[in-house]
Amino acid sequence: MSRFGPRLAGAGGFINISQNAKAVVFVGTFMAGETIVEVRDARLSIVREGAARKFVAEVEHRTFSGAYALERGQSVLYVTERCVFRLVPQGLELIEVAPGIDVERDILARMDFEPVLRGTPRTMDPAIFGEAPIGLRDRLLALPLEQRFSYDARRNTLFLNFERLEVRSQADIDAIREQVERQVAAIGHKVFGVVNYDHFSVRPELEDSYVEMVRHVVDRYYLDVTRYTTSGFLRHKLGDALAGRGVAAHIYESAEEAQRHLGETG
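Residues numbered from 1 in each chain as written. Predicted model: local features only at pLDDT ≥ 70, side-chain atom pairs only at ≥ 80, totals over all residues. Heavy atoms only, no water.

Engineer: Talk me through the environment of leucine 165; I want residue IDs and the actual numbers.
Structural biologist: Inspection of the secondary structure assignment puts leucine 165 in the loop between β13 (157-161) and β14 (166-167). On the accessibility criterion, leucine 165 (13% relative accessible area) is buried. Sequence spacing of leucine 165 and alanine 142 is 23 residues, and the spatial spacing of their C-alpha atoms is 7.5 Å. Ignoring anything within four residues of it in the chain, the contact list for leucine 165 reads Arg148, Ile176, His199, Phe200 and Ser201. (Helix = DSSP H or I, 4+ residues; strand = E, 2+ residues; numbered from the N terminus. Buried < 20%, exposed > 50% of the residue type's maximum accessible area, 1.4 Å probe, protein only. Contact = heavy atoms within 4.5 Å.)

Next up, the structure:
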């Protein structure tokens, strides 16, 4: 941040800003110098590497302290064109890799130290590297998944707010299943469920996988489930998909109807 070889740039206000922020995200190319990359079919390839390494064992000036950031509980990410690191007590953890990038050749071989690796890093969202709009506004305004669940202990009912939720990948399906498992595990016993499906969508190629996930969690975690959506088309479509997998398709037009009929099937 402050010195580049013989050039002394100075830290400016960087230290004041970075040490008072709740989260810090460093964004730049993985290598210093002119790095040339190419994107084809939503996959990244390195055409020419930059001249100098950024991820080195030692630096001449230090304007940001990872140890101090951890002490303060600060969230720190390092985002490059080919991968993403997260600051953890053991060092920098490699958490995401761009599609098309070889971890050993394009990342590890071009670092002066070994990052923390916990299994296989997940793939960066391929939509980032595609030509179509990624719907950033909708993504930013969308509720985090964990905030879509609420539990009423008096009625032993778990409410799932899937309004405007878009299921775009198998990872989304897995995340829903894991969140249901986490919620019910914390409760300690089976629950009733009410699901809001207003403006919900799932990609056609993922419908079978999604319904199979629903069947699994219904059998394992629910006493009974009702669902509702104001869309007649979605009620019909989702009802047929659930019934085809042997799941009772109790889908109503309003939340009041869904709650009123909860448990009627015994």
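Engineer: Describe the packing of aromatic side chains, with residues and values.
Structural biologist: Tallied over the full model, the rule gives 10 aromatic pairs. Look at phenylalanine 162 and tyrosine 197: their rings are 5.9 Å apart centre to centre, the planes differ by 70°, and that puts the pair in the edge-to-face class. Of this pair, phenylalanine 162 sits in the loop between β13 and β14 while tyrosine 197 sits in the loop between β15 (191-196) and β16 (201-202), placing them 35 residues apart in sequence. One exposure class covers both phenylalanine 162 and tyrosine 197, and it is buried. With a centroid separation of 6.2 Å and an interplanar angle of 20°, the aromatic rings of phenylalanine 162 and phenylalanine 200 are classed as stacked. (Phe/Tyr/Trp six-rings, centres within 6.5 Å; stacked < 30°, edge-to-face > 60°.)

Engineer: Describe in detail the sheet that holds strand β18 (residues 251-252), supporting the description with residues and values.
Structural biologist: With respect to topology, five strands assemble into an open sheet ordered β12-β13-β15-β17-β18, the strand pairing being mixed. Edge positions in the open sheet fall to β12 (149-152) and β18, since each of these has one partner strand only. Those strands touched by helix α5 (residues 170-187) are β12, β13, β15 and β17 (222-228), and its axis lies near 25° from that of β12. (Pairing = 2+ DSSP bridges. Axes fitted to C-alpha atoms, helices over the stretch in contact; angles between N-to-C directions.)

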